[in-house]
Amino acid sequence: MNELPTTFDAVLTAENDGYHALITLLHDETRALCAGDIGVLERQADAKLAQVRWLERLFGERQRLAARRPASAPASPDTESALALLHERAGEAKRLNALNGRLKSHVEHAIHF
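An account of the accompanying structure is given in this report. (Residues numbered from 1 in each chain as written. Predicted model: local features only at pLDDT ≥ 70, side-chain atom pairs only at ≥ 80, totals over all residues. Heavy atoms only, no water.)

Here we come to the overall build of the protein chain. Secondary structure summary: the protein chain contains three helices and zero strands in total. Starting at the N terminus and walking to the C terminus, you meet the elements of the protein chain as α-α-α. Taken against the 2.2 N^0.38 rule, which gives 13 Å for 113 residues, the C-alpha radius of gyration of the protein chain at 17 Å runs more than 25% over that of a compact globule. Judged by the C-alpha coordinates and their principal axes, the protein chain covers about 60 × 25 × 15 Å. Restricting to contacts in the protein chain with at least 6 residues of sequence separation, those with at least 24 account for 85%. Of the roughly 7400 Å² of accessible surface on the protein chain, 56% is carried by carbon and sulfur atoms. Distance between charge centroids for the protein chain: 4 Å, based on 14 positive and 16 negative side chains. (Helix = DSSP H or I, 4+ residues; strand = E, 2+ residues; numbered from the N terminus. Rg over C-alpha atoms; globule rule 2.2 N^0.38 Å. Contact = heavy atoms within 4.5 Å. Areas by Shrake-Rupley, 256 points an atom, 1.4 Å probe, with all protein chains shown as cover. Lys, Arg positive; Asp, Glu negative; His and termini not counted. Charge placed at Lys NZ, Arg CZ, Asp CG, Glu CD.)

Written out as structure tokens, the structure reads:
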């Protein structure tokens, strides 16, 4: 998770893999929130943050590589498919993160009463 891929398609693959990993972490977080397992939440916080930072680095690299591509160069069907999957996974991660935020508020509220 330290070295950035060097081609646009490799970055795209790494982003898709990264979002898959983030979604897995978010599902684990959802289960921990539902169970009120604070220990799991504390242990996973660093992993989640590291994954988000990795995705941010990949996004920046993809933007940099995309800027170097000729504007007239058509995307291959594989690239189009990978971009569609990336948007789908990013949307799923955003939805799960929002859900977990709401669950966290409920858990915190319940702890204070």
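Back to the write-up after that little detour.
What follows deals with helix α2 (residues 38-68). In a regular helix each residue adds 1.5 Å, so 31 residues correspond to 45 Å; α2 covers 45 Å between its end C-alpha atoms and thus fits that length. At Q44, α2 shows its largest bend, some 35 degrees. Measuring from the backbone nitrogen of G39 back to the side-chain oxygen at the start of α2 gives 3.3 Å, which picks out D37 as the cap. (Expected span 1.5 Å × (residues − 1). Bend = angle between axes of the 7 residues up to and from the residue. Polar contact = N/O pair within 3.5 Å; in protein donor to acceptor, adjacent residues only side chain to side chain.)

Remember, this is a structural readout, not a statement about activity or role.
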